[in-house]
Amino acid sequence: GEKVEQHESTLSVREGDSAVINCTYTDTASSYFPWYKQEAGKGLHFVIDIRSNVDRKQSQRLIVLLDKKAKRFSLHITATQPEDSAIYFCAASINNAGAKLTFGGGTRLTVRP
Amino acid sequence: GALVYQYPRRTICKSGTSMRMECQAVGFQATSVAWYRQSPQKTFELIALSTVNSAIKYEQNFTQEKFPISHPNLSFSSMTVLNAYLEDRGLYLCGAREGGEQYFGPGTRLTVL
């Protein structure tokens, strides 16, 4: 089955700098790649997603890149703010709408003031 | 807007007893509901996926005998953890999809004593 690896388990950046979180996946049939944020003691909050028909998507300070050849995708948070601090999870799904998601292990992002 | 409620938010049960949790989609009709578990210090694992007009599909390591799910209509699903033991503790998330994005509830945190 699909395996998703999240390469950075922790990441610390200074406020205003960019943060990049990288994920790789194994199933070439995966076509939907969402990102979620989990704050302390809470559930998952949708952040941004990308589908396999594009290789870049931007929403305000968030950019997602997808490299299908390398089976790699990444989340770039620009101009980070302390409130961006959380655990970020990448996920992959072979179903374009993501009914069944395989999650990465999570990256704890700390933005230092 | 689309919201997913989960009840209870936190629960404690004695080892060997059972515990039922509920998931309610509000503002949309959930064509599929996925139940995930996040064990302490781990990522999210899919327990089962319930799709309208299809049988509930359980992932490896999870069975209907241990985690029976009821999905009687397009807005409600419940799951029971039968004979809960220490390894069942964690955050149980319900993800409901209406055809596009998957919306997650805040989770039910299960503590087993």
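For the structure, see preceding data.
This one's a predicted model, so the numbers in the text were calculated from it and none came from an experiment.

Asker: Which residues make up unusual backbone geometry, and what values do they have?
Answerer: The bulk of non-glycine residues show a negative phi, and the bulk of peptide bonds are trans. In this chain, Y7 of chain B is followed by P8 of chain B through a cis amide linkage whose omega measures -5°. Examined against the element boundaries, P8 of chain B turns out to sit in the loop between strand 1 (3-7) and strand 2 (10-13). The phi torsion at A79 of chain A lies on the positive side, around 45°, for a residue other than glycine. Residue position: A79 of chain A is located in the loop between strand 8 (72-77) and strand 9 (86-92). Residue classification places A79 of chain A among the partly exposed residues on the basis of a relative accessible area of 38%.

Asker: Report on the sheet that holds strand 7 (residues 69-73) of chain B, specifying residues and quantitative values.
Answerer: All names here are of chain B. Spatially, 1-3-8-7 is the arrangement adopted by the four strands of the open sheet, whose pairing is antiparallel. Where the open sheet ends on each side, the last strands, each with one partner, are strand 1 and strand 7. Averaged over all pairs of adjacent strands, the angle between their axes in this sheet comes to 15°, without regard to strand direction. Pairing analysis gives five bridges linking strand 1 to strand 3 (residues 19-26), with the strands arranged antiparallel. The residue bridging Y5 from the neighbouring strand is Q24, located in strand 3.

Asker: Tell me about the environment of S85 of chain A, and name the residues and values.
Answerer: All names here are of chain A. Here S85 is to be found in the loop between strand 8 and strand 9. Distance in space between the C-alpha atoms of S85 and K69 is 31 Å, their sequence separation being 16 residues. Contacts of S85, omitting those with residues within four sequence positions, involve L109, T110 and V111. Of the polar contacts made by the side chain of S85, one reaches the backbone oxygen of P82; its length is 2.9 Å.

Asker: Report on the interface of chain A and chain B, specifying residues and quantitative values.
Answerer: On the chain B side, the residues contacting the 18 residues of chain A number 20 residues. Counting across the chain A and chain B interface gives one salt bridge. Notably, a salt bridge pairs K100 of chain A with E59 of chain B, separated by 3.3 Å at the nearest N-O pair. On inspection of chain A and its partner chain B, the count reaches five residue pairs in polar contact (both at pLDDT 80 or more).

What counts and what doesn't
Residues numbered from 1 in each chain as written. Chains lettered and ligands numbered in written order. Predicted model: local features only at pLDDT ≥ 70, side-chain atom pairs only at ≥ 80, totals over all residues. Heavy atoms only, no water. Helix = DSSP H or I, 4+ residues; strand = E, 2+ residues; numbered from the N terminus. Buried < 20%, exposed > 50% of the residue type's maximum accessible area, 1.4 Å probe, protein only. Pairing = 2+ DSSP bridges. Axes fitted to C-alpha atoms, helices over the stretch in contact; angles between N-to-C directions. Contact = heavy atoms within 4.5 Å. Polar contact = N/O pair within 3.5 Å; in protein donor to acceptor, adjacent residues only side chain to side chain. Salt bridge = Lys/Arg side-chain N within 4 Å of Asp/Glu carboxyl O.

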